[in-house]
Each structure stands twice: as C-alpha cells, then as structure tokens.
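Residue strings, one per chain:
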Amino acid sequence: MTDNINDGAGTYDVVLLVEAAMSAGDATQVRSLHEDISDTVVYHVLLPIEDASARIEASLGTLGAGDVMAAPAMVMSDVDLDAVREECRERSHRDLALTLQAIHAAGGQAVGEVTAEPPVDALASKVSEVDAREVIVLTRPHLVAEFFHVDWTSRARRKIGVPVLHLLEQENFDEQAGGGEGVTGF
C-alpha cells in the first residue's frame with residue numbers, strides 16, 4: 001500500500017544537505033517544490049561541520065611561493081587548532097540556526113543538526129532514520145567535483161534509494177537551468 005501524500009494524514013520527510021546557511025530566497029525556492037503536498041512536509045537539515053585541519057591546510061596552501069620564501073616558517077604549534085575547531089563548530093551551529101529560521105520564515109517545518117560524520121554517510125543515515133521521500137543537496141557550484149561525479153549529489157545518488165535533487169545556493173530555478181548567470185554563464 002502506497003502512502004498518499006495528498007491525504008493530509010502523514011508527513012513527507014525531506015532531508016536537506018547544506019554546506020552553508022540557507023538564504024531566505026533559497027528557503028522559499030525549496031518550499032516551492034513541496035507547496036502542492038497536503039501532508040505535513042518536514043525538512044531534516046544536515047550541515048557538516050567544517051574540518052579545522054583542512055581549513056588551516058587550505059589557508060596555508062593559498063600562500064604564494066614568494067610569500068613562503070619571505071615569511072618565517074610557520075610551525076603548527078603556532079596555530080591553535082583547538083581554537084579553529086571551536087570557531088568552525090560555532091559557525092556551523094550559527095549557520096544551522098539561520099537555515100532553520102529561513103525555512104520557518106518561508107512557511108516550512110524544519111529540524112536540523114550539525115554533523116561531523118562524512119556528509120554522504122550522514123545523509124544516508126538520516127534518510128533511513130526518518131524514511132525520507134527525497135533529498136535535496138544545496139551547495140555552491142563545485143565544477144571539478146561535479147565533472148568527475150565525486151560531489152555530494154553524485155555520491156548520494158549512488159548510495160541512497162530516493163530521488164536526489166541538487167540546487168545551487170543563491171540561484172533561482174531559471175539561473176540553474178541556464179536562463180541566467182548560473183554555472184553555464186562562465
């Protein structure tokens with residue numbers, strides 16, 4: 001027996017994997033995808049915590065060769081990794097709160113959590129836990145990862161058995177379809 005999503009008797013669970021706080025426009029756009037469903041739509045938001053070690057490595061990696069040669073050697077003990085980890089954790093929780101507020105302001109019902117688990121693993125677990133009907137991955141464009149199909153969306157499509165939609169942050173549906181700036185506008 002199939003659950004009728006238009007009888008108003010159940011819930012339609014959607015797992016949202018986001019990499020940063022959702023804007024009001026993004027929340028409205030996501031809500032518009034489910035406005036015709038009579039059941040209560042519940043968004044389960046997952047926001048992966050940024051890896052502090054990778055953040056430090058990335059920032060050190062952006063130094064040009066001239067900067068490295070002219071600057072004194074940076075010893076990892078000079079970098080307070082615990083402080084960076086705490087900053088990452090705080091930012092992730094703040095971004096989650098802003099995302100939940102944006103969804104609520106758009107008329108949606110949402111719960112969420114920050115996760116330290118690998119994003120696609122956390123996504124698969126949450127889909128199973130809440131028996132989600134679909135997944136939405138909301139990220140900025142990651143052209144190289146998408147080209148090689150190692151981005152969150154491609155990996156999720158291979159791992160879970162529900163529809164997975166990839167939306168780009170700060171772009172409306174027309175822009176994502178190529179009608180505006182979008183990824184095709186480069």
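Residues numbered from 1 in each chain as written. Predicted model: local features only at pLDDT ≥ 70, side-chain atom pairs only at ≥ 80, totals over all residues. Heavy atoms only, no water.

Caption draft 1: Representation of the nonpolar core in the model. Core analysis: the biggest nonpolar cluster contains 21 residues, and L16, M22, V30, Y43, V45 and I103 have the highest contact counts within it. Of all the secondary structure elements, the ones that give two or more residues to this core are β1 (11–18), α1 (24–32), β2 (40–48), α4 (81–105), β3 (109–115) and β4 (134–139). The next biggest cluster of nonpolar side chains, apart from the first, holds 17 residues, and it includes V15, L46, V130 and V135. (Core = buried A, V, L, I, M, F, W, Y, C linked by side-chain atoms within 4.5 Å. Buried < 20%, exposed > 50% of the residue type's maximum accessible area, 1.4 Å probe, protein only. Helix = DSSP H or I, 4+ residues; strand = E, 2+ residues; numbered from the N terminus.)

Caption draft 2: Focus on the side chain of D13. Its location among the elements puts D13 in strand β1. One buried charged residue, D13, remains without a salt bridge, the closest side chain of opposite sign being R133 at 7.4 Å. In terms of polar contacts, D13 uses its side chain to reach the side chain of T11, at 3.1 Å. A polar contact is formed between the side chain of D13 and the side chain of H44, at a distance of 2.7 Å. Look past the residues within four positions of D13 in its chain and what remains in contact with it is V42, H44, V130, A132, R133 and E134. (Lys, Arg positive; Asp, Glu negative; His and termini not counted. Salt bridge = Lys/Arg side-chain N within 4 Å of Asp/Glu carboxyl O. Polar contact = N/O pair within 3.5 Å; in protein donor to acceptor, adjacent residues only side chain to side chain. Contact = heavy atoms within 4.5 Å.)

Caption draft 3: Main features of the sheet that holds β1. Read across the sheet, 5 strands follow the order β3-β2-β1-β4-β5 without closing on themselves; strand pairing throughout is parallel. The open sheet terminates on both sides in strands that have one partner only, identified here as β3 and β5 (164–168). Strand-to-strand, the axes of this sheet are offset by a mean angle of 20°, without reference to chain direction. Of the pairings in the sheet, the one linking β4 to β5 comprises 5 bridges and is parallel in character. Bridging across to β5, L138 finds its partner in L167. (Pairing = 2+ DSSP bridges. Axes fitted to C-alpha atoms, helices over the stretch in contact; angles between N-to-C directions.)

Caption draft 4: Expanded view of the pairing of β4. In terms of residue burial, β4 counts as a mostly covered element, since 6 of its 6 residues are buried. What you see with β4 is no split at all: E134, I136 and L138 on one side and V135, V137 and T139 on the other are buried throughout. As paired strands, β1 and β4 are joined by 5 bridges and run parallel to one another. Each bridged residue has a counterpart across the sheet, and for V14 the counterpart in β4 is E134.

Caption draft 5: Fine view of helix α7 (residues 152–159). By the burial criterion, the buried members of α7 are W152, T153, S154 and A156. At its buried positions, α7 is contacted by β1, β2, α5 (119–130), β4 and β5.

Caption draft 6: Structural context of unusual backbone geometry. Backbone geometry at D131 places phi at a positive 55°, although glycine is not the residue there. Relative to the assigned elements, D131 resides in the loop between α5 and β4. What makes D131 exposed here is its relative accessible area of 60%.

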